[in-house]
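Reading the structure
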Amino acid sequence: MAVPVAFFALFFAYPVTAIVGRGLKAEGDWQFGRIGEVLSRPDILGVLWFTTWQALASTALTLLIALPGAYVFARFDFPGKQVLRAVVTVPFVLPTVVVGTAFLALLGRGGLLDELWGVRLDTTVWAILLAHVFFNYAVVVRTVGGLWSQLDPRQEEAARVLGAGRFAAFRRVTLPALAPAVAAAALMVFLFTFTSFGVVQILGGPAYSTLEVEIYRQTAQLLDLPTAAVLTLVQFAAVGGILAVHAATVRRRERALKLVDPAQTSRRPRGVGQWALLGGVLLTALLLILLPLGVLVERSLDGPGGYGFGYYEALQSVGAGGSSTFLVPPLEAVGNSLRYALVATLIALVVGGLAAAALTRRAGRLVRGFDALLMLPLGVSAVTVGFGFLITLDKPPLDLRTSWILVPLAQALVGVPFVVRTMLPVLRAVDDRLREAAAVLGASPLRAWREVDLPLVRRAVLVAAGFAFAVSLGEFGATVFIARPDNPTLPVAVARLLGRSGELNYGQAMALSTILMLVCAVSLLLLERIRTDRSGEF
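Named according to an unreviewed UniProt entry, the chain is Iron ABC transporter permease originating from Streptomyces sp. JL1001. For the record of the chain, the UniProt heading Sequence similarities (unreviewed entry) holds the text "Belongs to the binding-protein-dependent transport system permease family."

What follows is the structure in structure tokens.
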């Protein structure tokens, strides 16, 4: 636990505490009375209510739509499976401003629905919910599907031989085994939607505001740092309480499971029902995932003189169209993002892997509390973290403002919870008797981990690496404050282009977004191939 604790204390707790302290202090004295004043305001109460219920609705809708997809990816073998798995993960890395713009083109004025049926959904909660499902579909598919593919299907078959129906066998055998993974996926979806920013700001309009949007408005527009600090504390407390309840309820359902090679559980669909289920999942992916992504590609190619690669060619110059947005060609953001994401992934795997190994032991209240604390970066405002980095990591021996490592550190903060939540259900499903047998035979704890745990969780490690890499590529909230002008990341470059008027800037933003989408898809496809080739013998 030493390395994860030190990492989170230095790069999360310290910056967040510093920025909140500045907001609640006046002339050296703490002003706790501001908390009651802010929380008694009707507009703030409305923000709290909307933040909570839209997060619950988004989580329920995501589970409803994505769980069939998790089953299909876990149990069915069909052509293009690896490509489709990579494609459904792509939305997770796209900057929220880009996704909001894509859904606006589908659901807003002059969008696809407006042209076909005269229906507009922008500035409604339905546009927000659909965009949240678009973002988080892959979280459920990969987190739940990863464990589902390793469950021995013969246990459910045995229950059916003993007289249980299909639904009863699933409810009594498979669902209890999947419960920790489903809860982990639901928790991640809830935290992401609870702190939603770009989607709500673009699609919701002035009528809807989450805590994250309100923190940004109070900080950047109204310069009201005390109100922003109070809202950050509220968000922090709410997320902490949710994580504590999650840790207590999931722990009661965890048990050792018999895990098998995923290759043994995957087969071609059989019967009309299974083919219909596969068709429904493919149709969902087409309408929910591919259609918005197709809008991005179409707009990146639709130039003033017709379809072509004019916007992509403009990315190679610094001042195209008279723009002074960048000190370097925007295309350099591709290499920057890849380098930052690789370093952030390594940091997240080391920190998250050590944390997951420690949490596997279930040793005492300290470890159980640490389980919840690891998820807090997903529930704390990225605006707060970014500002905190700027005001705390500016003095020796941690003067990192001009160092390139600052960006991967911020990205790794968001990647670590995904590594932990992906590896932990599989690690806790490993039978302790295997470790005990290794110890009896003379293996040290490190060797027992290497010989027993690692072969069984190797697949989960690769899934976790994919999540960390994807999250790092798309991280925007904190990175926008600390990325240097001469080394922007892809999301920061897209936001800068979207923030400037002009058709050329907008087209370049769409072109960069398409490049980000393709880079992520290729990276995840390579990961899928490596994971399939090295899934290992159990």
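A few points about the pattern of salt bridges
For the structure on display, the rule yields two salt bridges. With its nearest N and O atoms 3.1 Å apart, the salt bridge here joins Arg41 to Asp43. The class of Arg41 is partly exposed, set by a relative accessible area of 27%. Residue Asp43 is classed as partly exposed on the basis of its relative accessible area, which comes to 37%. A salt bridge links Glu214 to Arg217, with the shortest nitrogen-to-oxygen separation between them at 2.7 Å. Here the residue Glu214 and the residue Arg217 both occupy positions in helix H11 (residues 211-221), the gap between them amounting to three residues, near one helical turn.

Here we look at the confidence of the model for the chain
The predicted model of the chain has a mean per-residue pLDDT of 79, with 88% of residues at 70 or higher. At the low end of the mean pLDDT range in the chain sits helix H16 (residues 364-373), at 66; at the high end sits helix H3 (residues 42-75), at 91. Here residues 534-538 scores under 50 on pLDDT; set against residues more than four positions off or in separate chains, the count is twelve contacts.

Digging into helix H1 (residues 2-24)
Counted at 1.5 Å a residue, the expected span for H1 with its 23 residues is 33 Å, and the 31 Å between its end C-alpha atoms agrees. Its maximal kink placed at Ala9, H1 deviates by approximately 40°. Those residues of H1 that sit buried are Pro4, Phe7, Phe8, Phe11, Phe12, Pro15, Val16, Ile19, Val20, Gly21, Gly23 and Leu24.

A few points about helix H5 (residues 96-107)
With twelve residues, H5 should reach 16 Å at 1.5 Å per residue; the first-to-last C-alpha distance of 16 Å fits that figure. Taking burial as the measure, the twelve residues of H5 include ten buried ones, the bulk of the element. Listed as buried for H5 are Val97, Val98, Val99, Gly100, Thr101, Ala102, Phe103, Ala105, Leu106 and Leu107.

Side note on the packing of aromatic side chains
Aromatic ring pairs are reported here in terms of the distance separating the ring centres and the angle at which the planes meet. The tally for this structure, following the rule as stated, stands at 13 aromatic pairs. Measuring from ring centre to ring centre gives 5.2 Å for Phe103 and Phe134, while their planes differ by 75°; the resulting arrangement is edge-to-face. Of this pair, Phe103 sits in helix H5 while Phe134 sits in helix H7 (residues 125-148), and the two are 31 residues apart along the sequence. For the pair Phe103 and Phe134, a shared accessibility class is recorded, and that class is buried. Counting every residue linked through ring pairs, the aromatic cluster contains Phe7, Phe8, Phe11 and Phe12.

Parameters and conventions
- Every chain's residues receive numbers from 1 upward, in the order its sequence appears when written.
- In keeping with the predicted nature of the model, local features appear solely for residues at pLDDT of at least 70, side-chain atom pairs appear and are counted solely at 80 or more, and the whole-chain, interface and lining totals rest on all residues.
- Hydrogen atoms and water are omitted, and side-chain values are computed over all heavy atoms in the structure.
- UniProt positions are given in the numbering used here, feature names are shortened, and annotations may be inferred rather than shown by experiment.
- Each reported salt bridge corresponds to a side-chain nitrogen of Lys or Arg within 4 Å of a carboxyl oxygen of Asp or Glu.
- Residue burial is assigned from relative accessible area. The probe radius is 1.4 Å, only protein chains are included, and a residue is buried under 20% of its type maximum, exposed over 50%, and partly exposed in between.
- Helical segments are the DSSP runs of H or I of at least four residues, strand segments are the runs of E of at least two, and each set is numbered from the N terminus.
- For every residue, the pLDDT score states the predictor's confidence, bounded by 0 at the bottom and 100 at the top.
- Whether two residues are in contact is decided by their heavy atoms: any pair within 4.5 Å suffices.
- For a helix, the expected span equals 1.5 Å multiplied by the residue count minus one.
- Two axes define the bend at a residue: one fitted to the seven residues ending there, one fitted to the seven starting there, and the bend is the angle between them.
- Two rings belonging to Phe, Tyr or Trp (six-membered ring only in the last case) form a pair when the distance between their centres is within 6.5 Å. Interplanar angles under 30 degrees mark stacking, angles over 60 mark edge-to-face geometry, and anything in between is tilted.

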